[in-house]
Amino acid sequence: MPTDLFTRRTLIAAGGAVAATWVSGRLVPARAQGLAATPSMRGGSNNYIPNAPIVDRIGGGGFWMTGTVRRAGDGVPLAGQRIQIWAHTTEGYERDPHSHGATLTDANGEFRLEMPQIVPAFGQPHGHLAYDSDEFETVFLRPVMSSSQDTSLRADFVLKPA
């Protein structure tokens, strides 16, 4: 009898582990599927210049624009995505072609581009970013800095397939 009881316990424990694994595998993706796409921000496309070149740095640098790019729904990081960045800086206006540049996301969906210090335009220090390739819907962002003394600005994208 102890052998039968041990076998039943083993079977019940194993069955519980399988059920827990199956349920958790079903719940995690369901939760992740709720990751909504980033909406375009009002004013984000101001002074946008299509097809800005991919660059190592915009101007003399000193300020960092960073962020991540993930897919809507499951939140998977997206590598190789083109993010365009422009701003009103110590070296030019946001309408100037030399104030624009693009970069690509790395294997973790992260991007980072150095540029000149952002300065206030229309009373607010802010940057402009765009995802503007064909695989996902276009998104324009216009994040505002806390202070014109900040030396970095972060913007994250969650993209919806086109």
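Computed from a predicted structure; not experimentally measured. (Residues numbered from 1 in each chain as written. Predicted model: local features only at pLDDT ≥ 70, side-chain atom pairs only at ≥ 80, totals over all residues. Heavy atoms only, no water.)

**Comments concerning the sheet that holds strand E3 (residues 100–104)**
Then, number 1: Ordered in space as E3-E2-E5-E6, the 4 strands form an open sheet in which the pairing is antiparallel. At either end of the open sheet lies a strand with only one pairing partner, and these are E3 and strand E6 (139–141). Between one strand axis and the next, the sheet turns through 20 degrees on average, direction left out of account.
Then, number 2: Pairing of strand E5 (residues 127–131) with E6, which is carried by 3 bridges, proceeds in the antiparallel orientation. Residue Tyr131 lies in a different strand from E6, and its bridge partner there is Val139. (Pairing = 2+ DSSP bridges. Helix = DSSP H or I, 4+ residues; strand = E, 2+ residues; numbered from the N terminus. Axes fitted to C-alpha atoms, helices over the stretch in contact; angles between N-to-C directions.)

**A few points about the environment of His128**
Then, number 1: Tracing the chain through its elements places His128 in strand E5.
Then, number 2: Owing to a relative accessible area of 0%, His128 belongs among the buried residues under this scheme.
Then, number 3: Between the alpha carbons of His128 and Val144 there is a distance of 9.2 Å; along the sequence they are 16 residues apart.
Then, number 4: Not counting residues up to four positions away in its chain, the partners in contact with His128 are Gly43, Gly44, Asn46, Gln84, Ile85, Trp86, Glu94, Leu141 and Arg142.
Then, number 5: In this structure the side chain of His128 is engaged in a polar contact, spanning 3.2 Å, whose partner is the side chain of Glu94. (Buried < 20%, exposed > 50% of the residue type's maximum accessible area, 1.4 Å probe, protein only. Contact = heavy atoms within 4.5 Å. Polar contact = N/O pair within 3.5 Å; in protein donor to acceptor, adjacent residues only side chain to side chain.)

**Some details on the pattern of salt bridges**
When charged atoms on two side chains of opposite charge get close, those side chains can pair.
Then, number 1: Following the criterion strictly, the structure yields 4 salt bridges and no others.
Then, number 2: The salt bridge partner of Arg71 is Asp74, with a shortest N-O separation of 2.6 Å.
Then, number 3: Overall, Arg71 belongs to the partly exposed group, its relative accessible area being 28%.
Then, number 4: Look at Asp74 and you get partly exposed, because its relative accessible area is 37%.
Then, number 5: Across the salt bridge formed by Lys160 and Glu137, the nearest N and O atoms sit 3.9 Å from each other. Residue Lys160 is found in the segment after strand E8 (157–159), and its partner Glu137 is found in the loop between E5 and E6; the two are separated by 23 residues along the sequence. (Salt bridge = Lys/Arg side-chain N within 4 Å of Asp/Glu carboxyl O.)

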